[in-house]
Amino acid sequence: MKKILLLTLLLINSVFLVNAQDISVSGTTSDSSGPLPGVNIRVKGSTIGVISDFDGNYTIPNAPSTGTLVFSYIGYATEEVAIDGQSTINLTLKESAEQLTEAIVIGSRGQPRTKLKTAVPIDVISISENAVNMPEVDLSQMLTKTAPSFTAYQSQGGDLASQVIAPSLRGLAPNQMLVLINGKRRHTSALLAGTQTGTDANSVDMSFIPSGSIERVEILRDGASAQYGSDAIAGVINIILKKGTDKFTGTLTAGGYTNQSPDFSYSDLSDEEIGLIEAGTGDPDGLNYQFDGNYGFSFDNGGYLNITGMFKQADRTIRASVLPEDRFTLYSDDYLNNQTTSTDGNVIITNPELVSALAAGNTALADELRTVSGLMDARGLEQYDVATYAGNPLINQGGLGFNLEIPVNDDVNFYSYGDLGFKYTEGFSCYYRRANQSDRTSYYLYPNGFRPQMYTNQTNLGLTAGVSGKIGDYDFDFSNTFGKNTMNIGMFNTWNASLGDSSPTDMNVGKHSFLQNTGNFDVSKFYDDVLEGLNVAGGIEFRVENYAIEAGQVESYTSGDAGFTTATEDNQALIGPDGFPLEDLGGNQIVDVNGDPIELEYAGISQYQVKGYSPGCQCFNGFSPINESDTWRSVIAGYLDVELDVTEDFFVGGALRIENYSDFGNVMTGKIATRYSIGDNFSIRGSYSSGYRAPSLQELNYSQGYTYFIDEIPYDAVLYRNGSAAAKAIGLDILDQETSGNLSVGFTAKITNNFNLTVDAYSIKIKDRIFTTSQFTSSDAPVLEPIIGAGQASFRINGGDISTKGVEIVANYDTKIGTGKLDFTLSATLRENKFDQAVVPELNTVLTEEELIDKYITRGSIGQFEKGTPSSKYLGTLTYKIGKWSTMLTGVRWGGVTALDSYEGTLSDGSYGYADQFYTPEFTVDLGVTYAFSDKLSLTVGGNNIFNQYPEIQRNENRGFYLYSNYQQGSNGAYYFGRLTFSL
């Protein structure tokens, strides 16, 4: 792989460029109403160009004196004006209905079409234009507020889930969506983590793509495995990079969350609980800033080099789940009364304050110190201090991206683009470890318990180089794309209880990496003499992938001997210095069936575990040599794509793709799509495709020990890979691929010159979707006892068949109001996810069929897929520009969600059942207002969720790690920001 990367770099450096000297051309763009901002002015045949400012003014400092300027703007006729040595060129544009939509190429390998003329639904989102007024600076969050079918939830905690914001299309898993940059496959993160769709998945980390480098994003809302390869079951996102030159543009954004309490009157919180929660509110948090800078170099041969830099710092937010003392008790009775003993039976003075009070003869104080609240008061602690914290992680991030194109001759261009980034993330990802949890806390290290914290250091590299152009009548594109993500994982404020007090408290728990190298050769030809036009395209792809896990430091995963005692003499009785039998962690005497102390027969050999201290790093077990992996895969693919305009009104296209996986064999997928126009302003369209997704290398090879909680009580388990001895013993095979069928039908309509509408319905069926089981014990499956002992085991499995169906609506309207321009977009998605059936193999367990199904696919996992994210989402965006002012107002209605419990239990009202909960729909409003002091400096102020709307509080039984639902607008409340945008 190093050779591949080196060859790519040498290819980039093989071209020598020289800047050219040209004349400066300035002017004003307008229409019949006055100055027209946002007009694209470029030098024909090159990438040199600018956009007119709020007053319609523009300047191109390096236009060739004999060149031609091309003026274009959506809704207006494109015009060309010869420069002829002129230094000032003013132009009045004429409105044109034919220019109301932008040409796009995603979803088709033929001639570019407008989004109203495509056979499948496609969203086109101008990041460079929208970013000025939007509160969001992260690409995934921008798309969440502009594309109804796109979601990306920032996890508030839960081990590594907060380290990457996982994107999703149409309510399907993040790894069922393909991401491209300039049409080339983007690599995913090394991380496999829990997602909003009920299962673990690896996904593209969009935060590493600097938003300042992006011109627009095209979202293909249709299955496209036959066109672009596996993973494209839900659709494809194509990110188009900027090409602008000879202008520096910078933005500095700063903001933070108000951290004001929501209205709790609707909740079941008691006054005491409200007071506990509000103890941590009032002061702003999550303060952050981000700088983006972009500059483009132009060359005399028409080439360009566009460079973007980004740096971001964000403090954490804290949305604590503060439970009352009777539910989240910090100290045990043994702790309060100094009755905790060490492995050898010595008393540990855990309450020295009590000793001092008794020595002073202050019985009243002593009685107070024997209570949890009394000792907490003496130590200056409140319930908030020992609560579990959820919230956004702390982030320090930087990145550099570039986009390069150089003409080799009149018919061939060399191009390259890429990005390099780093990210440090530190989150509250763990439950608070209370001092009464004697198997995993230490009085000497953490007398009041501790809150483990997780951090990651990531580096990310993406690099593409290639040549494209024409050979005779054929268009070709030959490229290589390299990508790698590396994640070093650490924990601090933690320890390994089984090592005793000598355990380190800051540990390296392991390293993950994912590498992908993709070579492509594509060729196409357009036949204008076949009916109304025939495009034939074909190509081959060769992809190599590698996933690796490296073990952490030994202390992070090992099981020590701190709780063991070894005989120092033959037939040694397990008694303490007080002459009584030693006690286990529960304070129970260790005796035989006759009530006598247990004896160890041989000196220096016989051992007994007196204290069952928890092994491994607390919160997140380190990766051990057993978990290590270094797995490679290769994929070879070939495709054929044919598109035919039968008449001016009737289009049909089809694609066929054959892929060979080194670990899964051959697969063939196909697609057919069509569009029929009825008149000039109405079209119907539809498609059907088959899809395929091989399990990712992360899904096949990730394994690790973990801790989960039920009613704030910790349990330890291990997630085993499918090829492990544990998986074979219970009867599980290696994971199979997921297959899909995708049907879509819809229409597009241009109601007036200013108003267009698209409506599309879809149905997707997926077989053998990958899930993770619940925990199996040796009581459930006795065959596991030699492998897991008293532990617990879970596995990734092809759990069953799922489906999703829905309707997507997008309406756009623009008009003039006075001298200003108004744009309004209303979009919506309404969908229904369904778990169709569980596919449970015969396993070596003693469970009943019903019990096995509940273990194999938990009720909670099914519920999270079906109802755990909004089944509807409505987006309304209004932008208005007038003079030096512009504004963007966005309203989002998030549909209701339902959380289904996996386990039955005793509920707050005393009944027995599932603690299910429905969260009502939510509505949030974002606002951005910009004033341009000049064409080089503007100021934007505004906010996200400006009315401080929080999701509903979780019901009492579910208030453990999280206080709020996490799958609507998020639980951080109102965010306000300011942004300076400047150019040089």
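Position labels on residues start from 1 in each chain and follow its written sequence. A pLDDT threshold of at least 70 governs which residues receive local features in this predicted model, and a stricter bar of 80 or more applies before side-chain atom pairs are shown or counted, although totals over entire chains, interfaces and linings include all residues. For side-chain calculations, the full set of non-hydrogen atoms in the structure is used, while hydrogens and water are omitted.

1. Section: the sheet that holds strand β14 (residues 177–181)
As a reminder of what qualifies: Pairing between two strands requires that DSSP report at least two bridges joining them. Here a helix means four or more residues in a row that DSSP labels H or I, a strand means two or more in a row labelled E, and each is numbered from the N terminus.
Here we have 5 strands laid out as an open sheet, ordered β11-β18-β19-β14-β15, and mixed in their pairing. For this open sheet the edge positions go to β11 (122–125) and β15 (184–185), each flanked by a neighbour on one side alone. In the sheet, β14 pairs with strand β19 (residues 235–241) via 5 bridges, with the strands oriented parallel. By the bridge assignment, M177 is partnered in β19 with G235.

2. What about the UniProt feature "domain: TonB-dependent receptor plug" (unreviewed entry) in the chain?
Which entries qualify depends on this criterion: UniProt positions are given in the numbering used here, feature names are shortened, and annotations may be inferred rather than shown by experiment.
Residues given the UniProt feature "domain: TonB-dependent receptor plug" (unreviewed entry) here are residues 116–236. End-to-end, the C-alpha atoms of residues 116–236 are 18 Å apart, and along that stretch the chain is 12% helix and 26% strand.

3. Focus on the domain arrangement of the chain
What counts, and what does not: All domain edges in this entry derive from an automatic or database-based domain assignment. Any two residues whose heavy atoms approach within 4.5 Å at even a single point are treated as in contact. Using a 1.4 Å probe, buried area is obtained as the accessible area two parts lose upon being combined, added over both of them. Here, a salt bridge means any Lys or Arg side-chain nitrogen found within 4 Å of an Asp or Glu carboxyl oxygen.
Taken domain by domain, the chain comprises domain 1 (22–92), domain 2 (132–326 + 383–557 + 618–983) and domain 3 (331–379). For domain 2 versus domain 3, the distance between C-alpha centres works out to 48 Å. Contact with domain 2, which involves 9 residues of that partner, is made by 11 residues of domain 3. Around 790 Å² of area is buried between domain 2 and domain 3 when both sides are counted, 58% of it from carbon and sulfur atoms. The interface formed by domain 2 and domain 3 holds 0 salt bridges in total.

4. Observations concerning the environment of V718
Its location among the elements puts V718 in strand β40 (residues 713–720). Here the alpha-carbon distance between V718 and S794, two residues 76 residues apart in the chain, equals 6.3 Å. Those residues in contact with V718, other than ones at most four positions away along the chain, are Q704, G705, Y706, Q792, A793 and S794.

5. Some thoughts on unusual backbone geometry
Under the convention used in this document: With a 1.4 Å probe rolled over the protein chains alone, any residue whose accessible area is under 20% of its type maximum counts as buried; one over 50% counts as exposed, and the rest are partly exposed.
For D246, which is not glycine, the phi torsion reads 60° and is therefore positive. Mapped onto the fold, D246 is located in the loop between β19 and β20 (248–257). Phi is positive for C619, which is not a glycine, with a value near 85°. Of note, C619 is situated in the loop between β34 (607–609) and β35 (629–645). Exposure remark for C619: the relative accessible area of 4% places this residue in the buried category.

6. Section: the packing of aromatic side chains
We count it as follows: Ring pairs are drawn from Phe, Tyr and Trp, using the six-membered ring of Trp, whenever the two centres fall within 6.5 Å, and their geometry is named by plane angle: stacked under 30 degrees, edge-to-face over 60, tilted for the rest.
Scanning all chains against the criterion turns up 30 aromatic pairs. Measuring from ring centre to ring centre gives 6.0 Å for Y58 and F71, while their planes differ by 80°; the resulting arrangement is edge-to-face. In this pair, Y58 sits in strand β5 (residues 57–63) while F71 sits in strand β6 (residues 68–73), placing the two residues 13 residues apart along the sequence. By the burial criterion, Y58 is buried, and F71 matches it. Aromatic side chains F771 and F835 sit 5.7 Å apart centroid to centroid with 75° between the ring planes, which places their arrangement in the edge-to-face category. You can see F771 sitting in strand β42 (residues 755–772) and its partner F835 sitting in strand β44 (residues 820–838), a full 64 residues away along the chain. With respect to class, F771 is no different from F835; both count as buried. Among the aromatic residues, ring-to-ring pairing joins Y331, Y335, Y443 and Y444 into one connected group.

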